[in-house]
Amino acid sequence: MPLVVKVRSFLRNLFLSQRVEADLDQEVRSHLEMLTEENIRAGMPRHEAQRAAWMELGGVEQVKEQVRDSRTGAFLDSLLQDLRFALRQMRRSPGFALTAMLILTLGIAANVIVFGVLQALVLRQLDVPHADQVMTLQPKEGGGPFVSHPQMRDVRDANTVFSAVAVFEIQDFGLEANGVTRPVWGCEVSGQYFEVVGVKAFLGRLLERSDDDHPGASEAAVLSWSAWKSDFGADPNIVGKTVRIDKQPYTIVGVTPEGFYGTEKIAQMDLYVPMANEASLDGFDWLESRTYRNLFSVVRLKDGITVPQAQAELNTITARVAQQHPKEEEGLALKLARPGLIGDFVGGPVRGFLAGVMGLAGIVLLACCANLGGLFAARTADRAREIAIRMAIGSSRWRIVRHLLVEALVISIVGGMCACGVGWMALTGLANWHPPTRYPLKLFVVPQPSLILMAFLISVVAGVVFGLMPLRQIFKTDPNETIKGGGSQSPAGRRWVLRDVLLAAQIALCCVTVTAAFVSLRGLSRALTMDLGFHPKNALLTQFDLSQAGYTSNDAAADHFQRRLLERVSQIPGVEAAGYANTTPLSGAVSMSGIFSQQSVDFRPSNRAFHSYIFDVSPGYLNAAGTALLAGRDLSFSDTAKTPAVAIVNQEFARRLFNSEQAVGRYFKSGDGVSIQVVGVMADGKYFTLSEDPQAAAFFPISQKASTSTALVVRTQRNTADMVAAIREVVSDLDRGVPIRELGPWNTDLALSFFPSQVATVALGVFGAFGLLLSIAGTFGLASYTVSKRLREMSIRVALGAQAKQILSAALGRMLVLLSSGSVVGIVLGVAASRILSAIVYQASAHDPFVLVAVVFTLLLTGSLSVAGPVKRVLHADPAKLLREQ
Amino acid sequence: MRAEPTSLLQGTLDLLILKSLIAGEQHGLGISRRIQQITGGTFVVKPGSLFPALHRMEEEGWIASFWGESENNRRAKYYRLSKAGLKQLEVETKRWGRVSWAIAQALETS
């Protein structure tokens, strides 16, 4: 039976290979001898007979090899051989193998990480059923994604395109359970929130329309799965338990399912409560306010409704609302956007940045491939002699190609595995990382198996493709010539070959990443030293909200508490200045208001002069914050609700309203028509983002407009830890029930403002480093290769009396040409690409001479570092010894 | 003419090897000489083609090998036709008949 015979011979070939080999050897040799005898019988002399027999046979090894190739299982057998051979070769030159694997690991890992983040932030939809139907509504104009409660109520009641419409506000709450009060982050959600989201409760029920019917309609609260798991020990009987939220009793009615993190992709909520109860939770009532636009919206499209249809109806509704409420809603226009990135507020920059970084990652990958190609080409050239010998003794070209292929495969598989490991670890690390802010930010990056598999495949393909680049070299190898040439004759010194082009391309690509890194570094260092309009250094910031301890803003007790606190804190030894405000600049929680000129009588939005940031501050706050008062007086506790309204404005405010900085004593009006006198002018600063243009800002006396939200600024030179403890003691001494949300150096709180620049700088810095590493590897590889190829020629020149300079220019002149042309192209590309960066990194400019100098210097340094070794080798070569050896 | 391993000629080589073994067991050189003889010197099979073919055919089960003594008392590997080989010879012969008839037809009509 043929099959049985085949299997038998396959097994025999595999397991009895030694006997099979011996058999074959004997067979061919006996054939040779018989041929010789035949020739002798024909009358040839012995040695001629032997020669003729050899000629006819064509080489014992060649025949054997041909037989081996025709055997069953020959492929597998020789594959194993090739594998063993490849591993042996790699052990013999570990430098090559390690470099190739390192390059591959760097290039692939960078791409895995960036793509993982891209997937988590941009490509992934929210983790809810039919996520494509979930959208957010945000104003067409203006900076934020924010809407007001009445606006969305109008949309909810009038539309026919959404199956549910909801708003939510992210809030911090004082959650008291089992006798401990902790600050947690949660959402006040309107009645249809969980209809929009469409998830099913893990335990109990979620909030329903009836919970949000009217203030006090229900004291139901829903826990998130992670809060239930970590803060309540996964208590299975949690439903029905009573907790206190901001001192109010609430009943836990349910737990959200695992994997539901709310409708923001980068934040994790612990708690959901009905929005109807906001007055008792926030300390003031904004449900009916059309100007309190601090809410996020989420809507769910009905089945079969397209976005343009929904947008058309939305336009009709908002036009009607604007007509009905000309004073507050003039010009109202909402658009549908993808939810998840603070509405869609940071969607644009995040997508732009990630696209840019993805581009850089692609460049790094390209550079890696170029590098790999160069490496393999150089290695093949190095082994020209070996390859020629192998061909001469009977190896087919295909067999040699297969060797290279197996070697490339081994390298790319190991490199790919390392890359996937590194990528996996980095993504897991990112997922467990909490950005340095008090906000509940969290990156839900999950290393997807499909992503890892894809990356692995890409690395194998890249490795194999570039491992096979020297194919042409092999096919044109003429064993005779190569062996005669002593292995050292190569075109390296004469013609421009593929690997030269690859090196130049790779250096150009690396320059791009290095330039990008320097641009963002420079931007960050500028951002860190820029004038913020206040001095966060040597200042401590304490933040809490008295509403969490049961105070309200209409309550004299809150005002009393804050004043007592200020007095007590000012008496702590070492405190130079102290003051408090409702919120501080760059804290993220700042508000704006329309400013009208003193002549205004009609306060509809189109009549306002401009928008200004507004802060409510105590006397002494300016001093404590380090904001310069340029003219006029500070606020005072004698400015009360009964005295005329006053404010301190910044220079930009004064310029915009009065066309002059001489504003003291002049008046403007707020949106509710009250005349306000300017009593002081302060220096400009940054209020919402570092990258904003000069903005108008006004500081109002907190004694005229009480707030439960408290940010206490204490300026001190004393040791931070002592001071923190002292302040904490004062607060708890005044009221034990006040949960301090944040207490520490002001700089720490500002971390969020610097966060985008820092992330960008870290990301681009890493890519810059990758680029440098790659160019060092590439340059060093090619330089040492060139030198080793031409060492013999160089030593002859030295022996004949050539000077060091001549030797160097002969050996490495071409390298320099490659390096410099690659660098120039790269810098030009980098400068062009860096324009994109200025969108994310504040004050990033590629036209900065510092950046250009730094890039050029870095490249020169790395260039010289990477050719230093080979140069040394050339200069210190001993001609006598070398020539003798070869 | 050299037996190049094109598919037609490979089939031809197999056929010639099988045919040469009809007369009885033979070693490699013997097969080679016999083919030369029965084709009137047209086919000279080089060892580089012969041995791979022999080993392949042995693995197919058409021929079997054993070690024996050559005419000069030298140890040599002998091949003989198996039952499957005999059948294969019939198949190959028929195929070759068809092919050569077709080629002849093609050459005549022109």
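Here the structure is a predicted model, which is why all the values come from computation and not from measurement.

1. Brief notes about the overall build of chain B
So, point 1. Within chain B, the regular secondary structure consists of four helices and three strands.
So, point 2. Burial status across chain B gives 34% buried among its 110 residues.
So, point 3. Intrachain contacts of chain B at a sequence separation of at least 6 include 52% that bridge at least 24 residues.

2. Side note on the overall build of chain A
So, point 1. Along chain A, the regular secondary structure elements total 27 helices and 21 strands.
So, point 2. By residue count, 45% of the 886 residues in chain A fall in the buried class.
So, point 3. Long-range contacts, defined here as pairs at least 24 residues apart, represent 81% of the contacts in chain A between residues at least 6 apart.

3. Quick look at the packing of helix α2 (residues 17-41) of chain A against helix α4 (residues 60-70) of chain A
Residue and element names in this part refer to chain A.
So, point 1. Following both chains from N to C, one finds α2 and α4 inclined at 135°, their axes separated by 10 Å at the closest point. By the angle class used here, α2 and α4 are oblique. Remark: the crossing between α2 and α4 carries right-handed chirality. Here Leu-24, Asp-25, Val-28, Arg-29 and Leu-32 of α2 lie close against α4, whose contacting residues are Val-60, Val-63, Lys-64 and Val-67.
So, point 2. Taken together, the residues of the contact of α2 with α4 break down into six nonpolar, no polar and three charged.

4. Some points on the nonpolar core
For soluble globular proteins, the rule of thumb is that nonpolar side chains tend to be buried together.
Residue and element names in this part refer to chain A.
So, point 1. Leu-104, Ala-110, Val-112, Val-364, Cys-368, Leu-372 and Phe-767 are the most contacted members of the largest nonpolar core, which has 107 residues in total.
So, point 2. The dominant element in this core, judged by the number of residues it contributes, is helix α13 (residues 347-382), at 19 residues.
So, point 3. Residue contributions to this core reach at least three from each of two domains, namely domain 2 (96-126 + 358-487) and domain 4 (500-531 + 751-886).
So, point 4. Counting 62 residues, the second largest nonpolar core, distinct from the first, contains Phe-534, Leu-541, Phe-653 and Ala-663.

5. Describing the pairing of strand β18 (residues 675-682) of chain A
Residues and elements named next belong to chain A.
So, point 1. Counting buried positions over the eight residues of β18 gives six, a clear majority of the element.
So, point 2. Strand direction decides the pairing type here: strand β15 (residues 629-632) and β18, joined by three bridges, are antiparallel. In the strand pairing of β18, Ala-631 is matched with Val-681.
So, point 3. Examined bridge by bridge, strand β16 (residues 646-650) and β18 share five bridges and lie parallel to one another. Opposite Val-649, over in β18, you have Val-681 as the bridge partner.
So, point 4. Pairing of strand β17 (residues 667-670) with β18, which is carried by three bridges, proceeds in the antiparallel orientation. Residue pairing for β18: Phe-668 is matched across the bridge by Ile-676.
So, point 5. Here β17 folds back onto β18, and the loop between the two strands holds four residues, one of which, Gly-673, carries a positive phi near 85°.

About the cut-offs
Residues numbered from 1 in each chain as written. Chains lettered and ligands numbered in written order. Predicted model: local features only at pLDDT ≥ 70, side-chain atom pairs only at ≥ 80, totals over all residues. Helix = DSSP H or I, 4+ residues; strand = E, 2+ residues; numbered from the N terminus. Buried ≥ 20, exposed ≤ 12 C-beta atoms within 10 Å, placed from the backbone. Contact = placed C-beta atoms within 7 Å. Axes fitted to C-alpha atoms, helices over the stretch in contact; angles between N-to-C directions. Parallel < 35°, antiparallel > 145°, perpendicular 65-115°, else oblique. Left-handed = near helix turned anticlockwise from the far one by under 90°. Nonpolar A, V, L, I, M, F, W, Y, C, P; charged D, E, K, R; others polar. Core = buried A, V, L, I, M, F, W, Y, C linked by C-beta atoms within 7 Å. Domains from an automatic or database assignment. Pairing = 2+ DSSP bridges.

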